[in-house]
Amino acid sequence: MDKIEAFENLIEETRFGLIPLHGKIPFETGWEQWCEKKRPFDRADYRGGNNAGIPGGPANGVIILDIDYLEKFKMMMKDRDWTIPTTRLHETGSGLPHFVYKYPSNGHEYGCTSVKDPDGEVDPETGKVRTVFDIKGLGGQVVAPGSIHPDTGKPYTVKQVAPIAPCPQ
C-alpha cells in the first residue's frame, strides 16, 4: 500500500481531515484553519512524497498527547499518579506514541502546550531543556500514520485501534 492509499484508509477509518506536510511541517499558508473546519482530501496534495498531518481541534474532534521523552513521561506519570485511558494510539517513525483523545466539547478552546523536563535535563543537540510531551489541540498537528519520518525513514503507524476516549484531565 502506498502513502496516499494509507491516508485514504485513515480517513475512511477515522473521518479525519488531513493536511499536507513536507516532512513534519505544514507548508500550506493558513493551514491552522483546518483545525476548525475539515479539509477536503485531494490526492494531488500528497504526490511527490508529501506526508500528511492530523490537525488537532474541533474539526477532527481530537486532541493529541505527543510523547517526546518516554522514560521521563513514565516517571512523571508514576510521580503524579497519572493514568492514561485506553484510546487510539499511533506510533511515530522514531517509535514514540501519539495518544489520540476526543477534543472536549465543553465550549472552551484547547490549544497546544509543551511540558519541559521538570529536572531541567538539556537536549545536547539543541542546548535547550528537553520537552517531555506536547499537547496538540487547536492550532497544532501531528504527523499521520502512513507518513515517513524525515530523519529515520521509518513509517508512522497505527499501533492500537481503539475507540477514541475522552480527553483526560
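Residues numbered from 1 in each chain as written. Predicted model: local features only at pLDDT ≥ 70, side-chain atom pairs only at ≥ 80, totals over all residues. Heavy atoms only, no water.

Draft legend 1. Quick look at the overall build of the protein chain. Within the protein chain one finds 2 helices and 11 strands. Beginning at the N terminus, the succession of helices and strands in the protein chain can be written as α-β-β-β-β-α-β-β-β-β-β-β-β. For 169 residues, the compact-globule estimate of 2.2 N^0.38 gives 15 Å, and the protein chain sits close to it at 16 Å. The principal-axis extents of the C-alpha atoms in the protein chain amount to approximately 45 × 40 × 30 Å. Classification of the 169 residues of the protein chain by burial places 43% in the buried group. Residue pairs at least 24 apart in sequence account for 69% of intrachain contacts in the protein chain once pairs closer than 6 positions are excluded. Approximately 9100 Å² of the protein chain is accessible, and the part contributed by carbon and sulfur atoms is 50%. In the protein chain, 20 positive and 24 negative side-chain charges are present, and the distance between their average locations comes to 2 Å. (Helix = DSSP H or I, 4+ residues; strand = E, 2+ residues; numbered from the N terminus. Rg over C-alpha atoms; globule rule 2.2 N^0.38 Å. Buried < 20%, exposed > 50% of the residue type's maximum accessible area, 1.4 Å probe, protein only. Contact = heavy atoms within 4.5 Å. Areas by Shrake-Rupley, 256 points an atom, 1.4 Å probe, with all protein chains shown as cover. Lys, Arg positive; Asp, Glu negative; His and termini not counted. Charge placed at Lys NZ, Arg CZ, Asp CG, Glu CD.)

Draft legend 2. Broad picture of the layout of surface pockets. Quantified by volume, the largest pocket comes out at close to 480 Å³. Residue lining of the largest pocket: 21 residues in total, with Lys24, Asp66, Asp68, His98 and Asp134 positioned closest to the centre. Only strand S4 (62-67), strand S7 (113-116), strand S8 (131-136) and strand S9 (141-143) provide two or more residues apiece to the lining of the largest pocket. Looking at the lining of the largest pocket residue by residue, the class counts come to 7 nonpolar, 8 polar and 6 charged. If you add up the space inside the second largest pocket, you get close to 260 Å³. As for the second largest pocket, its lining consists of 13 residues, and the residues nearest its centre are Leu65, Ile84, Ile135, Pro168 and Gln169. Among the secondary structure elements, those contributing two or more residues to the lining of the second largest pocket are S4 and S8. Ranked by residue count, the leading element in the lining of the second largest pocket is S4, at 3 residues. Of the residues in the lining of the second largest pocket, the class split is 11 nonpolar, 2 polar and no charged. (1 Å grid on protein atoms, 1.4 Å probe; cavity = no way out; pocket = protein on both sides within 12 Å on 5 of 7 lines; lining within 4 Å. Points joined across faces, edges and corners; volume = space filled by probe spheres on them. Nonpolar A, V, L, I, M, F, W, Y, C, P; charged D, E, K, R; others polar.)

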